[in-house]
Amino acid sequence: MSAILAVDTSRFATSLAVTRAGSPPTVFAPQGPRVHPPKDEIFLVVQALLERSGCALADLDALAVCVGPGSFTGLRIGLAMTKTFAMVGRLPLYALDAVSLEARRVARILGTDLPPRFCVVVPGYGSVTFSGLFTAAEGKLELEGDIRWHGDPEELAASIPEGLTRFVSSESPLDLENAVPVVFTEPSALELARHAGERLEAAVDVPLNRIQPLYLKPFGVGRKARRPEDFRS
Amino acid sequence: MTLGLGIDTSFDDTAVALVRDGKEILANLTVSQFAEHAEFGGVIPERASRLHVETIFPLLEAVCRDADVALSDVDFIAATHRPGLIGSLLVGVTVGKALAMALDRPLVGINHLEAHVHAALMAEEDLAYPFLALLISGANTLLLDCPNFDVYLRVGATKDDAVGECIDKCGRHLGLAMPAGPALEKLALTGNPKSRRFPRPLKGSPDGDFSFSGLKTAVLYALRDDPDLVAKDVAAALLAAIADVLVTKTLRMAGRLGRDTVVLCGGAAANLQIRRAFDEESEKHGVRVVYPGLALCTDNAAMVAGLGHEKFRRGQLSGLDLAVEAQALFPPL
C-alpha cells in the first residue's frame, strides 16, 4: 500500500491513519462517543502519528480526507489541513463523503452477506442523520441519487423505501427503528486510506479547488439566522 | 532578508500577504465577504467560516504569483489567532499550522488588534515607541498606551458600540447601502457639519472611555422627528460629533500620559473627516498623529506579517497547539 495520510474529522471521534507499503498501518482512533483531540492539538496528533509510523510528510504519496457531511468545524479543520499539505507537497488529495465511506466499511464487514441494495445511516449532530441508498454489484458500490439530510428520525424513516435494510454504526448514539447495527473493527480513516490507494493506483487526478466540505444542511435552516424582514414581522 | 507570510481570517475578510523584512509588502490581497452577508444586515459567523475555506487557497496561490515567490521561500508564517469569530479564526490558523508543519517553518500567532497598531510602524520609518494608539473599526474603539514593543495598556474603550458600527448603522438609517462608512463619508463631504449639533457622549469624562450608542439613537430620532433633514447635513454633523469626541479625548489623554505621538489605526481611521479633525487639533497640542496608509488601515494580512516579523526576530514563536480566542483583553493602564 502507498504512503497515505487519511484524515476523518467529520464524525464524533476523529480518526487518523498513516499507511505505508510493507508496514502495518498506524492509526489514531480513540474509543467512545464524541472523542476528538482538542481542535487546537490535532496537528500535534498528526505529527506524533507520522513519527510513530516512521514517515515524514515529504514521504507521502497521497492524502485522503472525509469531506462530510458531519461536524462543520471538524470538516473545515480536516479540509484546511489536508489541502494545505497537498498544496505544499504537490500531492494528490482524495476526498470521500462520510456516507459512502460508511457504506464501504459496511461492505467490508459484511462481505458476501451484503444485500444487493441497502441504506446506510450516519448520525449527525443531535437528532440529525444523513443517509444514502447503495447498490452493490460485482464488488462495487454505487450511490443512488444524492446523500440526504434528515432533521429527525421520523423524517429519516419516511425517506427510506419499505423493506430496505438500513445499516448504522453500533456506536451511534441514536436509537433508530429497524436499523441493523454494524460493529466496525477498524477506524474509518483506514477505509479512507484504502479508497485513496485505489484512486492513486487508477491515477485519478482531482483538482484541489474541487474538494470542498459537504455541509448538506441548507444554510440557515432551523437556525437562529434571520433576515431583517423577520424582525420587522 | 526574511520573507513572512501573513494570514488573517479573523472576521469577514480573507487576507493573505507576503512581506519582506517586515516592511516591504510584496503582495497584500484581501477578499471581502461583504456582499455574501449583505442580505442579513450583518456577518453570519457560519457563513463567514465557509467562505474562508473556499477563498483562502486561491488567495494563497494569488499572493505567491503576484510576488513571484514560492511558498518554500517563506521564512515564517504569521496567522491571526485572536480576537475574532472562532470558526473564522480556525480556518486561517489551521492553514497557518499546516503550512508551518509542511514547510518546516516557525509559526507566529498574532493578535489582530496589535497588528493594526503595528501597521503604523510599517508605514512610518521614523515612528518609535512610546506612543498612544487609538484603534477605531467596526468592532473596536480602543485607546492603548504603547510604551514599548509588545506592551499594550488599555487606557479606554467603548462601553457599547464601536465607531464603525455607529457610522454603519446611521448610514443605514440614511438609506445608504452597507457598508455605509465610505458612502457616508462621501455624503458628508458636501454637507454642513454645523447644521445640527448631535450629542458628544462622554466627551467631558476624565477617563479614556467612549460611548456611541446614544449618538446612533440621536440620529435615528432626529430623522424620525424632522422630515426636512438633509441626508448630507446629517452625515456631516454625525462625523463632526464622532471626530470631536475622539480627538478631544485622545489628545487629552496623550497630554496626561506625556505622549507626543498618537497612532490612529483600524478601518474607521480611513475616514477623511476624522483624519482632518486630528490633523487640525493635534498641531495645536504639539502632538504628532501618524496614520498607516489606507491599505494598512482596513483589515489586511500585511500588518500580520509585519508584526509577525518582529516577533519572529525576537524568537516569540508559537507551537502547533496555538489556540484561537474570541477575545483579546489588554491589561489596564
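Residues numbered from 1 in each chain as written. Chains lettered and ligands numbered in written order. Predicted model: local features only at pLDDT ≥ 70, side-chain atom pairs only at ≥ 80, totals over all residues. Heavy atoms only, no water.

Draft legend 1. A look at the overall build of chain A. Summing up its helical and strand segments, chain A has six helices and 10 strands in all. Of all 233 residues assigned to chain A, the portion counted as buried reaches 49%. By element, 51% of the accessible surface of chain A is carried by carbon and sulfur atoms, the whole surface being about 11200 Å². (Helix = DSSP H or I, 4+ residues; strand = E, 2+ residues; numbered from the N terminus. Buried < 20%, exposed > 50% of the residue type's maximum accessible area, 1.4 Å probe, protein only. Areas by Shrake-Rupley, 256 points an atom, 1.4 Å probe, with all protein chains shown as cover.)

Draft legend 2. Broad picture of the pattern of salt bridges. Tallied over the full model, the rule gives 28 salt bridges over all chains. For B:E46, the salt bridge goes to A:R76, with nearest N and O atoms at 3.0 Å. Of this pair, B:E46 sits in helix α2 (residues 45-67) while A:R76 is found in helix α2 (residues 72-89), placing the two residues in two different chains. By relative accessible area, which is 5% here, A:R76 ends up buried. Salt-bridge contacts for A:E198 lead to A:R104; the nearest nitrogen and oxygen are separated by 2.8 Å. With A:E198 in helix α5 (residues 188-201) and A:R104 in helix α3 (residues 98-110), the pair connects residues that are 94 residues apart, well separated along the chain. You can call A:E198 partly exposed: its relative accessible area is 42%. Here the salt bridges share partners, and the residues they tie into one network are A:R104, A:R108, A:E186, A:E191, A:R194 and A:E198. (Salt bridge = Lys/Arg side-chain N within 4 Å of Asp/Glu carboxyl O.)

Draft legend 3. Representation of the sheet that holds strand β3 (residues 23-28) of chain A within the structure. All names here are of chain A. An order of β3-β2-β1-β4-β5 is seen for the five strands of this open sheet, with the pairing classed as mixed. Of all the strands in the sheet, just β3 and β5 (93-96) have a single pairing partner and so form its edges. Averaged over all pairs of adjacent strands, the angle between their axes in this sheet comes to 15°, without regard to strand direction. As judged from the five bridges shared by strand β1 (residues 4-8) and strand β2 (residues 15-20), these two strands associate in the antiparallel manner. Counterpart to L5 in the pairing with β2 is V18. Helix-sheet contacts for α2 involve β1, β4 (62-66) and β5, and the interaxial angle to β4 is about 165°. (Pairing = 2+ DSSP bridges. Axes fitted to C-alpha atoms, helices over the stretch in contact; angles between N-to-C directions. Contact = heavy atoms within 4.5 Å.)

Draft legend 4. Fine view of the interface of chain A and chain B. Listed by partner, the interface residues are 30 residues for chain A and 29 residues for chain B. Summed over both partners, the interface of chain A with chain B comes to about 2700 Å²; 75% of that surface belongs to carbon and sulfur atoms. Counting across the chain A and chain B interface gives one salt bridge. Here chain A is connected to chain B by one residue pair in polar contact (both at pLDDT 80 or more). Those elements giving two or more residues to the side of chain A that touches chain B turn out to be α1 (42-52) and α2 of chain A. (Buried area = accessible area lost by both parts, 1.4 Å probe. Polar contact = N/O pair within 3.5 Å; in protein donor to acceptor, adjacent residues only side chain to side chain.)

Draft legend 5. Geometry of the domain arrangement of chain B. Residues and elements named next belong to chain B. For chain B, the domain assignment lists domain 1 (3-116 + 298-313) and domain 2 (126-291). Between the C-alpha centres of domain 1 and domain 2 there is a distance of 27 Å. The interface is formed by nine residues belonging to domain 1 together with 12 residues belonging to domain 2. The junction of domain 1 with domain 2 conceals about 960 Å² of combined surface from both sides, 70% of it contributed by carbon and sulfur atoms. For the domain 1 face of the interface with domain 2, the top three residues by lost area are F34, L113 and H116, together amounting to 50%. (Domains from an automatic or database assignment.)

Draft legend 6. View of the packing of aromatic side chains. The tally for this structure, following the rule as stated, stands at eight aromatic pairs over all chains. Each ring, one from A:F43 and one from A:F85, has its centre 6.3 Å from the other, and the planes form 85°; the classification is edge-to-face. With a gap of 42 residues between them, A:F43 in helix α1 and A:F85 in helix α2 connect regions that are remote in the sequence. With relative accessibility at 1%, the residue A:F43 sits in the buried group. Look at B:F210 and B:F212: their rings are 6.2 Å apart centre to centre, the planes differ by 15°, and that puts the pair in the stacked class. (Phe/Tyr/Trp six-rings, centres within 6.5 Å; stacked < 30°, edge-to-face > 60°.)

Draft legend 7. Summary view of the packing of α1(A) against helix α3 (residues 86-103) of chain B. It is the contact of α1(A) with α3(B), at a shortest axis distance of 11 Å, that shows an interaxial angle of 25°. Taken together, α1(A) and α3(B) sit at an angle that is classed as roughly parallel. Considering how the two elements wind past one another, α1(A) and α3(B) form a crossing that is right-handed. Every residue of α3(B) that contacts α1(A) at A:F43, A:V46, A:Q47 and A:L50 is listed here: B:T94, B:K97, B:A98 and B:M101. Grouping the amino acids of the contact of α1(A) with α3(B) by side-chain chemistry returns five nonpolar, two polar and one charged. (Parallel < 35°, antiparallel > 145°, perpendicular 65-115°, else oblique. Left-handed = near helix turned anticlockwise from the far one by under 90°. Nonpolar A, V, L, I, M, F, W, Y, C, P; charged D, E, K, R; others polar.)

Draft legend 8. Representation of the pairing of strand β1 (residues 3-8) of chain B within the structure. All names here are of chain B. Among the six residues of β1, six are classified as buried, and the element is accordingly described as predominantly covered. Where burial is concerned, the two faces of β1 agree: the one with L3, L5 and I7 and the one with G4, G6 and D8 are both buried. The hairpin formed by β1 and strand β2 (residues 13-20) contains four residues between the paired strands. Alignment of β1 against strand β4 (residues 76-82), held across four bridges, turns out to be parallel. Counted as the bridge partner of G6 is A78 from β4.

Draft legend 9. Main features of the side chain of B:T261. Residue and element names in this part refer to chain B. Along the chain, T261 falls in strand β9 (residues 261-265). Judged by its relative accessible area of 8%, T261 is buried. Reaching out from T261, the side chain makes a polar contact with the side chain of D260 at a distance of 3.2 Å. Those residues within four positions of T261 in sequence are excluded, and the remaining contacts are L127, F131, L132, V287, R288 and V290.

Draft legend 10. Expanded view of the sheet that holds strand β7 (residues 141-146) of chain B. All names here are of chain B. Taken together, five strands build an open sheet; the order of strands is β8-β7-β6-β9-β10 and the sheet is mixed. Across the chains shown, the open sheet's two edge strands, defined by having one partner strand only, are β8 (153-157) and β10 (288-290). Each strand axis lies, on average, 20° off the axis of its neighbour in the sheet, ignoring direction. Where helix α4 (residues 112-123) meets the sheet, its contacts fall on β6 (131-136), β7, β9 and β10, and the angle it forms with β6 comes to roughly 120°.

Draft legend 11. A look at the side chain of A:D8. Residues and elements named next belong to chain A. Within the secondary structure, D8 is located in strand β1. Residue D8 is classed as buried on the basis of its relative accessible area, which comes to 0%. Polar side-chain contacts of D8 include one of 2.6 Å to the side chain of R11. With residues up to four places along the chain from it excluded, the contact list for D8 reads A13, T14, S15, C66, L101, S188 and L192.

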